[in-house]
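# Remarks on the overall topology
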Amino acid sequence: MLSGQKQYALTPEQVEFYRENGYLLVKSVFTREEAQYLREEAHALIHRLAEVYSENGINAMWGSAREITDLPAQLLHCHNAQYHSAAFARLMLDPRLTDRIADLIGENIQLHHTKLFIKPPEKGAPFPMHQDYPYFPHEKHTMLAAIVHFDDAPIEKGCVCVVPGSHKLGPLEHNPEGGWHLPVDQYPLESAVPVPAEAGDVVIFSYLTIHGSGVNTSKEARTTLLIQMRDPTDHPTVLTHLSRGQGIMLRGIDPEADAGPSTDSISRYVRSRQSEAVIR
Ligand SMILES: O=C(O)CCC(=O)C(=O)O
């Protein structure tokens, strides 16, 4: 059925938890069977990419991950997985996800980008603690990530860890060396709260929430798709992190009609201020 009608919602307690803590674990948004299907799609995609680019070519481990572990570490990765399999395009439009996100950022939801990650067994690389803000700063801070879990992510698989309430600190200074991270000695992973999740669960966090994740030391891969979204009237302040398909509406409308017939993803706002905008 094609309809824009709202079918799913967060509870008022979940909305309040997100406002206070800057993150939220939503259980069983997708079924375990759906998660299993998406997991197979994800691993098949990474396999296809590795055949073309080699595993090294799709390893996205941050240089700064070496400040956390000396063990062999790898992070298999594909940006904007929806260009490789329709399964991920359907997923990011699914109202079980977008209706709930609407309760956090408003009825109109625009895609920024997606990232598929596989943390391989016994060597899945960690993410040092960071905010996502420095990668793609915006005016109103509506930007959030929803990590859809395709398999179980207990602590030993390197689940996501967050600092509750840290979104209230606002933007913090990051070290651009090795992947825009916070100083590892001041923000150790151990000081964060692990958010273990199961297949089909979604972990949501603001781009201001300090987060990271540990090494996957288990015998199974950790497989996730991160979907980064914003309110379409929340404009970037820096011309950066552009990608194909950025700006696609996942729910509702763009009230500013901000897409020319043949323009790329740069929003009208940034184009109009291009001379003042910082370009990096
Ligand atoms: O998937 C994870 O463990 C964390 C991902 C993350 O922090 C990021 O992509 O910014």
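Up top you'll find the structure we're talking about.
This is a predicted model, so every value here is computed, not measured.

Now for the site of the ligand. Residues in contact with the ligand, as listed here, are K115, F117, F127, D132, I147, V160, H211, S213, T224 and L226. Taken together, the elements giving at least two residues each to the shell around the ligand come down to β3 (109-119), β9 (211-213) and β10 (222-230). Residue composition of the shell around the ligand, by class: 5 nonpolar, 3 polar and 2 charged.

The alternating pattern of strand β2 (residues 76-79) places L76 and C78 on a buried face and H77 and H79 on a face that is not buried. Relative to β3, β2 runs antiparallel, the two being bridged by 4 bridges. In the sheet register, L76 faces β3, and the bridge partner there is I118.

Of all 11 residues that make up β3, 10 are buried, and the element is covered over most of its length. Alignment of β3 against strand β12 (residues 249-251), held across 2 bridges, turns out to be antiparallel. What sits directly across from I109, in β12, is R251. Sheet topology places β3 next to β10; 9 bridges connect them, and they run antiparallel. Paired with F117 across the strands is T224, a residue of β10.

Attention now moves to the sheet that holds strand β6 (residues 160-162). Judged by pairing direction, the sheet is antiparallel, and its 4 strands sit side by side in the order β4-β9-β6-β7 without closing on themselves. Two strands bound the open sheet, and with one partner strand each, they are β4 (127-130) and β7 (193-194). Where β6 meets β9, 3 bridges bridge the pair, whose relative direction is antiparallel. From the neighbouring strand, C161 faces β9, where its bridge partner is G212.

We now examine helix α2 (residues 32-57). With 26 residues, α2 ought to run about 38 Å at 1.5 Å a step, yet its terminal C-alpha atoms sit only 31 Å apart, falling short of that. A35, L38, E41, A42, L45 and I46 are the residues of α2 that are buried. Contacts made by the buried residues of α2 are with β2, α3 (86-93), β3, β5 (144-149) and β10.

As a further point, take the nonpolar core. Core analysis: the largest hydrophobic core is formed by 67 residues, its most contacted members being L144, A146, V148, V162, V203 and I204. Setting aside anything within four residues of it in sequence, one finds V203 in contact with Y23, L25, I147, V160, V195 and A197.

Rules used throughout
Residues numbered from 1 in each chain as written. Predicted model: local features only at pLDDT ≥ 70, side-chain atom pairs only at ≥ 80, totals over all residues. Near = placed C-beta within 6 Å. Helix = DSSP H or I, 4+ residues; strand = E, 2+ residues; numbered from the N terminus. Nonpolar A, V, L, I, M, F, W, Y, C, P; charged D, E, K, R; others polar. Buried ≥ 20, exposed ≤ 12 C-beta atoms within 10 Å, placed from the backbone. Pairing = 2+ DSSP bridges. Expected span 1.5 Å × (residues − 1). Contact = placed C-beta atoms within 7 Å. Core = buried A, V, L, I, M, F, W, Y, C linked by C-beta atoms within 7 Å.

Read these as spatial facts, not as claims about activity.
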